[in-house]
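Single-letter residue listing:
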Amino acid sequence: MTEVNQSTEVEYIMDNEEDNSSLEWVVEGDAAGERLDKYVTDSFADSAVSRTQVQDWIKSGAVLVNGTVAKAKHRLDEGDVVFVDVPEPELAEIVAEPIPLHIVYEDEDVIVINKQRGLVVHPAPGHNSGTVVNALMYHCTDLSGINGSIRPGIVHRIDKDTTGLLMAAKNDAAHASLSEQLRAHTVTRKYIALVHGNMPHDRGTVDAPIGRDGRDRKMFTVTDKNSKHAVTHFSVIERLDDYTLLELQLETGRTHQIRVHMKYIGHPMAGDPMYGRSKTVALNGQALHAAILGFKHPRTNEYLEFEAPIPEDMENVLHSLRQR
């Protein structure tokens, strides 16, 4: 952890020598003694992969234990290395559903929505309904097909209980352009978040790699094992009792990145059921809102920027804190 400026700014850094994207885990702690199929299924819990699917992968030889094919019922030992070569998802028909969407912007190339809390972004194997994609399929006659039928049009995602701005591509050229902007870190993504504690610094940066938590594979954590480079910038908007309202800007976009980074520096997200504290605010999910989204239009190259106000439930929490 390195302080840039003790009075106003701090930079939290954990070096990571390699951005390893392979799906590989070392069996630790309570996971020892588990069946192989259960272990792998739990490791993919956030993607709703079924145990039956994992068993099919095991039968096909896509799952290795210490470099060797094993049976689904194989009991794991502490220190075993489990490797999964995830097969391409099977094509599945995604049914258009009349789910309400708050559309902020739309043209022939791109659509920007303000996602409500509780709405999953895209289907996963075994869970093909009730998502943003189902809603977009109903609203749009065409979406980009680069991601295949399981995630048409989706360029990036935000968590189920995170609210705010999300863009989707309506053709493959737009998808390629927006994806490249994300890779080049030229897309503006700013979030508003309420975190626990009084943040001592006015602004700072968390530069710390993120990978799966070896103790609970449904979660992610800052780690140098099988992790990916992750950078989050933050600045204080307001200090409220024992909470701090932050603006955060993503430089990278890892799963649960802001939630994990805030927990890492000792200021977990208010209302976060996975990474937060038990004593928290009255919200059905984390107090995290994707407030600003900016990108170059894939056809005109014009820079577009959109802003979505804080949702009512989060605004109510802030109002209550200000009254204390």
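Keep in mind that what you see is a predicted model, and the values were worked out from it rather than measured. (Residues numbered from 1 in each chain as written. Predicted model: local features only at pLDDT ≥ 70, side-chain atom pairs only at ≥ 80, totals over all residues. Heavy atoms only, no water.)

Mind laying out the overall build of the chain, listing which residues take part and the relevant values?
Helix and strand counts for the chain stand at six helices and 17 strands. The proportion of buried residues among the 324 residues of the chain is 47%. Partitioning the intrachain contacts of the chain with sequence separation of at least 6 by distance along the chain shows that 66% fall at a separation of at least 24. Counting every atom, the chain has about 15,600 Å² of accessible surface; 46% of that belongs to carbon and sulfur. (Helix = DSSP H or I, 4+ residues; strand = E, 2+ residues; numbered from the N terminus. Buried < 20%, exposed > 50% of the residue type's maximum accessible area, 1.4 Å probe, protein only. Contact = heavy atoms within 4.5 Å. Areas by Shrake-Rupley, 256 points an atom, 1.4 Å probe, with all protein chains shown as cover.)

Account for the packing of aromatic side chains, with residues named and values stated.
A full pass over the atoms with the stated rule returns three aromatic pairs. Ring geometry for Phe-295 against Phe-306: centres 6.1 Å apart, planes inclined by 40°, an arrangement best described as tilted. Of this pair, Phe-295 sits in strand β16 (residues 288-296) while Phe-306 sits in strand β17 (residues 303-307), and the two are eleven residues apart along the sequence. Residue classification places Phe-295 among the buried residues on the basis of a relative accessible area of 0%. (Phe/Tyr/Trp six-rings, centres within 6.5 Å; stacked < 30°, edge-to-face > 60°.)

Explain unusual backbone geometry to me, using residue names and the numbers behind them.
For His-185, which is not glycine, the phi torsion reads 60° and is therefore positive. Structurally, His-185 is set in the loop between α4 (172-183) and β10 (188-196). According to the relative accessible area criterion, His-185 is partly exposed, its value standing at 44%. Look at Asn-301: it is not a glycine, yet its phi comes out positive at around 70°. Checked against the element boundaries, Asn-301 lands in the loop between β16 and β17.

Requested: an account of the side chain of Arg-189, with residues and values cited.
If you trace the backbone, Arg-189 turns up in strand β10. Here Arg-189 occupies a buried position and makes no salt bridge, while the nearest side chain of opposite charge, Glu-251, is found at 9.4 Å. If sequence neighbours within four positions are ignored, Arg-189 has contacts with His-156, Leu-182, Leu-248, Gln-249, Leu-250, Glu-251, Thr-252, Gly-253, Ile-292 and Leu-293. (Lys, Arg positive; Asp, Glu negative; His and termini not counted. Salt bridge = Lys/Arg side-chain N within 4 Å of Asp/Glu carboxyl O.)

Could you give an account of the pattern of salt bridges, with specific residues and numbers?
Under the counting rule described, the total for this entry stands at 15 salt bridges. One salt bridge in this structure joins Asp-37 and Arg-51, with 3.3 Å as the shortest N-O distance. Placement of the pair is Asp-37 in helix α1 (residues 36-43) and Arg-51 in helix α2 (residues 51-60), with a sequence separation of 14 residues. For Asp-37, a relative accessible area of 0% puts it in the buried group. Under the relative-accessibility criterion, Arg-51 is labelled partly exposed at 36%. Look at the salt bridges and you will find they share partners, linking Arg-35, Asp-37 and Arg-51 into a network.

Explain the sheet that holds strand β4 (residues 63-65) to me, using residue names and the numbers behind them.
Pairing is antiparallel across the open sheet formed by four strands, whose spatial order is β3-β6-β4-β5. Of all strands in the sheet, those with a lone pairing partner are β3 (23-26) and β5 (68-69), marking the two edges. Relative to strand β6 (residues 81-84), β4 runs antiparallel, the two being bridged by three bridges. If you follow Val-63 over to β6, its bridge partner there is Val-84. Across the sheet, α1 lies against β3, β4 and β6, angled at about 65° from β6, the strand it touches most. (Pairing = 2+ DSSP bridges. Axes fitted to C-alpha atoms, helices over the stretch in contact; angles between N-to-C directions.)

So what's going on with the confidence of the model for the chain? Residues and values would help.
Looking at the chain as a whole, its pLDDT mean stands at 85, while 86% of the residues score no less than 70. Below a pLDDT of 50 lies the segment residues 1-7, which in the model reaches 16 contacts outside its immediate sequence neighbourhood of four places, other chains included. The model gives residues 15-21 a pLDDT under 50, and that stretch makes 15 contacts with residues more than four places away or in other chains. (pLDDT = per-residue confidence, 0-100.)

I'd like to hear about the environment of Asp-107, residue by residue, with values.
As for its position among the elements, Asp-107 is in the loop between β7 (103-106) and β8 (110-115). The spacing of Asp-107 and Lys-170 is 63 residues in sequence and 8.6 Å in space, taken between C-alpha atoms. A polar contact is formed between the side chain of Asp-107 and the side chain of Tyr-105, at a distance of 2.6 Å. Among the polar contacts listed, one links the side chain of Asp-107 to the backbone nitrogen of Asp-109, at a separation of 2.8 Å. (Polar contact = N/O pair within 3.5 Å; in protein donor to acceptor, adjacent residues only side chain to side chain.)

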